[in-house]
Amino acid sequence: MIELKSLYKTYSPGLFKKKVPAVRGLSLEINHGDVIGLVGPNGAGKSTTIRMLLGLIRPDRGSISFRGVPLKDADIQYDIGYLPENPYLYDHLTLEELLAFSGRASGLSSAETKKRGGELMEKLAMTEARKRPLRTFSKGMLQRAGICFALLHDPSVVILDEPMSGLDPVGRKMVFDLVTDLKGQGKTIFFCSHILNDVERLCDRIGLMVGGRLLRVLKREDFAAHGEASLHLVVNRLGEQELSGLHPLLSDIAEESGRHVLSFPAKSLTAVSEQLHALNVEVLASRSDRLSLEEMFMQAVEENR
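This is a predicted model, so every value here is computed, not measured.

A. Structural detail: the packing of aromatic side chains. Scanning the model with the defined rule gives one aromatic pair in all. An angle of 85° between the planes, with centres 5.7 Å apart, marks the rings of tyrosine 90 and phenylalanine 101 as edge-to-face. You can see tyrosine 90 sitting in the loop between strand E6 (80-83) and helix H2 (95-105) and its partner phenylalanine 101 sitting in helix H2, a full 11 residues away along the chain. With relative accessibility at 32%, the residue phenylalanine 101 sits in the partly exposed group. Its guanidinium or amino end placed over the ring of tyrosine 8, arginine 61 lies 4.1 Å from that ring's centre, counting from NZ or CZ. Over the face of the ring belonging to phenylalanine 176 we find arginine 201, whose NZ or CZ atom lies 4.0 Å from the ring centre.

This is the structure we're talking about:
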């Protein structure tokens, strides 16, 4: 669907000042129906990547193609819905008027606009606020209004920059359910977020971006829930009797620095814990085969400081 090849982008803060590299050598393929999340610290280059992808700014080097056509020649306006991190909406309009404007700009008929707008406002609990001026909306309500605006024309590609920003838990749940629904419809979704738990639950792939570089692209199996992994408990060296009592429950027993490391499926944790308690064996440490997304993220940030 979208291909980014070796993108570079630098900003010049002013005359005689050193240029600031925002994106360095980024390459990424986004396939039809993919849900891809981009995570990274502030200043990692995530928003710059989105702006280049939308054609709002041009890369210094590299290329972007949309369905095999160079971005500059592609007609993407009707295919892409975009929610910026801080959407600027016409605050003198009501939500209903804003969506009517969006519908006309997107070439929708009045009937289509009314139907799509009604569905989106209902999903995001905005129906009762539809006749209120946007200047009276809270930050979270403006975020949800921006999502209605971005999705009104039923785009095939949805690009969201911090979609959960400013939302309370109820609003986050609504947006999460909406993105899940879009995913079920086969939409291609690309978004940035600082809320790693949401990214982990929604995405098929996650890109870790630090200092303008895309360090890793993780597949779902790389950040699957810990419950699917093997667990490892570190204990003091055990005797033959203790080992024989534990052996049926374990998948592996290894020696490490004068201690034993007991490995077993996560589903056996309760049985192993009970047996260790019965044998009066103290657990010194625990591990999992897989790192959580947060651990991977922090590790990548530390390694690239």
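B. Region of the structure containing the side chain of lysine 187. Residue placement: lysine 187 occurs in the loop between helix H5 (169-184) and strand E8 (188-192). A polar atom in the side chain of lysine 187 sits 2.7 Å from the side chain of aspartate 154. Discounting chain neighbours no more than four positions away, the residues touching lysine 187 are Gly33, Asp34, Asp154, Pro155, Ser156 and Leu182.

C. The arrangement of the nonpolar core in detail. Membership of the largest hydrophobic core comes to 47 residues, with the highest contact counts inside it found for Leu95, Leu124, Met126, Phe137, Phe191 and Leu208. The residues contacting leucine 124, other than those within four sequence positions of it, are Arg144, Ile147, Cys148, Met174, Val175 and Leu178. The next biggest cluster of nonpolar side chains, apart from the first, holds 27 residues, and it includes Leu4, Ile30, Ile50 and Leu53.

D. Structural view of the pairing of E8. With five of its five residues buried, E8 lies for the most part within the structure. The alternating pattern of E8 places Thr188, Phe190 and Cys192 on one face and Ile189 and Phe191 on the opposite face, and all of these are buried. In this sheet, E8 lies alongside strand E3 (residues 35-39) in parallel orientation, the contact comprising four bridges. Directly across from isoleucine 36, in E8, lies its bridge partner phenylalanine 190. Bridge count between strand E7 (residues 157-161) and E8: five bridges; the pairing is parallel.

Basis of the calculations
- Residues numbered from 1 in each chain as written.
- Predicted model: local features only at pLDDT ≥ 70, side-chain atom pairs only at ≥ 80, totals over all residues.
- Heavy atoms only, no water.
- Phe/Tyr/Trp six-rings, centres within 6.5 Å; stacked < 30°, edge-to-face > 60°.
- Helix = DSSP H or I, 4+ residues; strand = E, 2+ residues; numbered from the N terminus.
- Buried < 20%, exposed > 50% of the residue type's maximum accessible area, 1.4 Å probe, protein only.
- Lys NZ or Arg CZ within 6 Å of the ring centre and 35° of its normal.
- Polar contact = N/O pair within 3.5 Å; in protein donor to acceptor, adjacent residues only side chain to side chain.
- Contact = heavy atoms within 4.5 Å.
- Core = buried A, V, L, I, M, F, W, Y, C linked by side-chain atoms within 4.5 Å.
- Pairing = 2+ DSSP bridges.

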